[in-house]
Amino acid sequence: MAQSVQIILEDDLEGGPADQTVQFGLDGRHYEIDLSTANAEKLREALRPFVASARRAQNKPARTTGPRSSGSNPETAKIRAWAKENGYEVSDRGRVHQSIKDAYYAATQ
């Protein structure tokens, strides 16, 4: 069974047919918008003075300096057990609320 899929772009600004998808970034976020040729040119024209004065940002590779630490406290199991024994409501997984940790440390030190 053969299937044919047709993708039709619609201009996100004005409706009607779009000719291209334009990608851009601002304030650390990346965007894309489907535009007609005329609207794509309007966007580029509006950004041209800013782009001319800007510098290209370097793509920063993700840091891979070793295994990631979960940041969990090795005493978490003890804190959970203490909290349950002392009437605190605490889940078996996830973060332990700071007020429970504070109470644990105050009671055990």
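Before any of the text, the structure's been laid out above.
The structure displayed is predicted, hence computed values, not measured ones.

K.L.:
So what exactly am I meant to see when it comes to the pairing of strand β1 (residues 20–26) here?
P.N.:
Moving residue by residue along a regular strand, the side chains alternate between the two faces of the sheet. Strand direction decides the pairing type here: β1 and strand β2 (residues 29–35), joined by seven bridges, are antiparallel. Looking at β2, one finds that Phe24 is bridged to Tyr31. Taking the residues that link successive antiparallel strands as the turn, the β1-β2 hairpin has two residues, and the phi of Asp27 there is positive, at about 55 degrees.

K.L.:
Could you clarify how one ought to interpret the packing of aromatic side chains in this entry?
P.N.:
Tallied over the full model, the rule gives four aromatic pairs. Taking the centre distance of 5.5 Å and the plane angle of 25 degrees together, the rings of Phe24 and Tyr31 count as stacked. A relative accessible area of 30% means that Phe24 is categorised as partly exposed. Taken together, a centroid distance of 5.3 Å and an interplanar angle of 70 degrees make the contact between Tyr104 and Tyr105 edge-to-face. A residue is classified by how much of its surface remains accessible, and Tyr105, at 24% relative accessible area, is partly exposed. Through pairs of rings, three or more aromatic residues link up here, namely Trp82, Tyr88, Tyr104 and Tyr105.

The rules behind these values
- Here, residues in each chain are numbered from 1, in the same order as that chain's written sequence.
- Reporting in this predicted model follows two pLDDT cut-offs: at least 70 for local features of residues, and 80 or more for side-chain atom pairs to be given and counted; totals over whole chains, interfaces and linings ignore these cut-offs and use all residues.
- Just so you know, side-chain values use all the structure's heavy atoms and leave hydrogens and water out.
- We call two strands paired when DSSP finds no fewer than two bridges between them.
- The helix count covers DSSP runs of H or I at least four residues long, the strand count covers runs of E at least two residues long, and both are numbered beginning at the N terminus.
- Any Phe, Tyr or Trp ring, taking Trp's six-membered ring, that has another such ring centre within 6.5 Å forms a pair; planes under 30 degrees apart are called stacked, those over 60 apart edge-to-face, and the others tilted.
- Accessibility here uses a 1.4 Å probe with only protein chains present; expressed as a share of the type maximum, an area under 20% marks a residue as buried, one over 50% as exposed, and anything in between as partly exposed.

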